[in-house]
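Notes for the structure review
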Amino acid sequence: GALVYQYPRRTICKSGTSMRMECQAVGFQATSVAWYRQSPQKTFELIALSTVNSAIKYEQNFTQEKFPISHPNLSFSSMTVLNAYLEDRGLYLCGAPGLGDAEQFFGPGTRLTVL
Amino acid sequence: GDKVKQSPSALSLQEGTNSALRCNFSIAATTVQWFLQNPRGSLINLFYLVPGTKENGRLKSTFNSKESYSTLHIRDAQLEDSGTYFCAAEDMGYKLTFGTGTSLLVDP
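Attention here is on the structure that accompanies the text. Here, residues in each chain are numbered from 1, in the same order as that chain's written sequence. Following the order in which they are written, the chains are lettered starting with A and the ligands numbered starting with 1. Local features in a predicted model are, by the rule used here, given only for residues with pLDDT of at least 70; side-chain atom pairs are given and counted only at 80 or more, and totals for whole chains, interfaces and linings are based on all residues. To obtain the side-chain values, all non-hydrogen atoms of the structure were included, while hydrogens and water were left out.

Digging into the state of the cysteines
Covalent bonding between the sulfur atoms of two cysteines is what defines a disulfide. Residues and elements named next belong to chain A. Cysteine sulfur atoms are paired as a disulfide whenever they fall within 2.5 Å. For the structure on display, the rule yields 2 disulfides over all chains. Between cysteine 23 and cysteine 94 runs a disulfide, and the two sulfur atoms are separated by 1.9 Å. Here cysteine 23 and cysteine 94 share a disulfide; its torsion about the S-S bond, 80 degrees, makes the bridge right-handed. Here the residue cysteine 23 occupies a position in strand β3 (residues 19-26), and cysteine 94 occupies one in strand β9 (residues 90-97), the gap between them amounting to 71 residues. A 1.4 Å probe rolled over the protein chains alone gives each residue an accessible area, and that area as a share of the maximum for its type sets the label: buried under 20%, exposed over 50%, partly exposed in between. The class of cysteine 94 is buried, set by a relative accessible area of 0%. Take cysteine 13: it sits in no disulfide, and the sulfur closest to it among the cysteines is that of cysteine 94, at 18 Å. Strands here are runs of E lasting at least two residues and helices are runs of H or I lasting at least four, both read from the DSSP assignment and numbered beginning at the N terminus.

What follows is the structure, given as structure tokens:
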């Protein structure tokens, strides 16, 4: 399957500060990258879908002002959690469709803890 | 309500037994994926389905788009099958809507 890396794997930030997480596709072109969040004891929510050379589409309850995303090329995407608070805790995954079809492969996630 | 309803929410199996997980969709799913989330949080791809059935070792999955459901059958459960299973449906453009997950514990 396709390989997706995420960095950092774990991070802790103080309430009110911001942190940036990165997503790297290896061995394939990630034309589209989707960012998801899994809050504690919950399922995965789509934050936004980013397509190179196209506008980033944010889901309801998520905004560019809070979760700005950069997707400058076909192998890299980053997302920042601005002004993080307790409700932003969770596991953030990036996913991209692999070669040939729309099966999505996910990175190992960035686990965010907010103090 | 939930667009993807997954059941059961939790399941305990004896090693060597069989079981089935199910997802019902209230969206027009075109494809379905099944994942296993390991204790570290990583999602392991199990199946990617268009309508139909796939089998891989002790796992078998079916996606019935007309009746809007998908199932994952586990045969001869092993200890290493323990974890949380998620289904996810795609209805448009790489957007996956995840089920609520099934927490599976396989006991010796």
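A closer look at unusual backbone geometry
Tyrosine 7 of chain A connects to proline 8 of chain A through a cis peptide bond whose omega is -5 degrees. Counting through the fold element by element, proline 8 of chain A comes out in the loop between β1 (3-7) and β2 (10-13). Note that the residue after serine 7 of chain B, namely proline 8 of chain B, is joined by a cis bond; omega there is -10 degrees. Despite not being glycine, asparagine 83 of chain A has its phi angle at roughly 50 degrees, a positive value.

Thoughts on the interface of chain B and chain A
Between chain B and chain A, the residue contacts involve 18 residues of the former and 20 residues of the latter. Buried area adds together the accessible area that both of two parts lose upon being put together, with accessible area traced by a 1.4 Å probe. Contact with chain A buries area across many residues of chain B, yet Tyr48, Tyr94 and Phe98 of chain B alone supply 34% of it, more than any other trio. Throughout this description, the term salt bridge denotes a Lys or Arg side-chain nitrogen within 4 Å of a carboxyl oxygen of Asp or Glu. Along the contact surface separating chain B from chain A lie 1 salt bridge. A salt bridge links lysine 95 of chain B to glutamate 59 of chain A, with the nearest nitrogen and oxygen atoms 2.8 Å apart. Between two residues, a contact is recorded if the distance between any of their heavy atoms is within 4.5 Å.

Digging into the sheet that holds strand β8 (residues 69-74) of chain B
Residues and elements named next belong to chain B. When DSSP locates at least two bridges between a pair of strands, those strands are taken to pair. One open sheet holds the 5 strands; their spatial order is β1-β3-β8-β7-β6, and the pairing between them is antiparallel. Taken across any chain shown, the strands that pair with only one partner, and hence form the sheet edges, are β1 (4-7) and β6 (52-56). Mean inter-strand twist for the sheet, computed between neighbouring axes without regard to direction, equals 15 degrees. Here, axes are lines fitted to C-alpha atoms. For helices the fit covers the stretch in contact, and angles between N-to-C directions go from 0 to 180 degrees.

Side note on the packing of aromatic side chains
For any pair of aromatic rings, geometry is given as the distance between the ring centres together with the angle between the planes. The pairing test for Phe, Tyr and Trp rings, Trp by its six-membered ring, is centres within 6.5 Å, and the orientation test on the planes gives stacked under 30 degrees, edge-to-face over 60, and tilted for anything in between. Applying the stated criterion across every chain, the model contains 10 aromatic pairs over all chains. Aromatic pair tyrosine 36 of chain A and phenylalanine 106 of chain A: ring centres 5.5 Å apart, planes at 65 degrees, arrangement edge-to-face. Linking tyrosine 36 of chain A in strand β4 (residues 32-38) with phenylalanine 106 of chain A in strand β10 (residues 104-106), this pair joins segments that are 70 residues apart in sequence. Take tyrosine 36 of chain A and phenylalanine 106 of chain A: they sit in the same class, and that class is buried. With centroids separated by 5.5 Å and ring planes inclined at 80 degrees, the aromatic side chains of phenylalanine 106 of chain A and phenylalanine 35 of chain B adopt a geometry described as edge-to-face. Of this pair, phenylalanine 106 of chain A sits in strand β10 while phenylalanine 35 of chain B sits in strand β4 (residues 31-37), placing the two residues on different chains. Considered together, phenylalanine 106 of chain A and phenylalanine 35 of chain B belong to a single accessibility category, that of buried residues. Every member of this aromatic cluster is reached through a ring pair, and the members are Tyr36, Phe44 and Phe106 of chain A together with Phe35, Phe86 and Phe98 of chain B.

Overview of the sheet that holds strand β7 (residues 69-73) of chain A
Residues and elements named next belong to chain A. What the 4 strands build is an open sheet, ordered β1-β3-β8-β7; its pairing is antiparallel. Unpaired on one side and paired on the other, β1 and β7 mark the two borders of the sheet. Recorded for the sheet is a direction-independent mean angle of 15 degrees between the axes of neighbouring strands. Alignment of β3 against strand β8 (residues 76-81), held across 6 bridges, turns out to be antiparallel. Looking across to β8, one finds that arginine 20 is bridged to threonine 80.

By themselves, these figures tell us nothing about what the structure is for.
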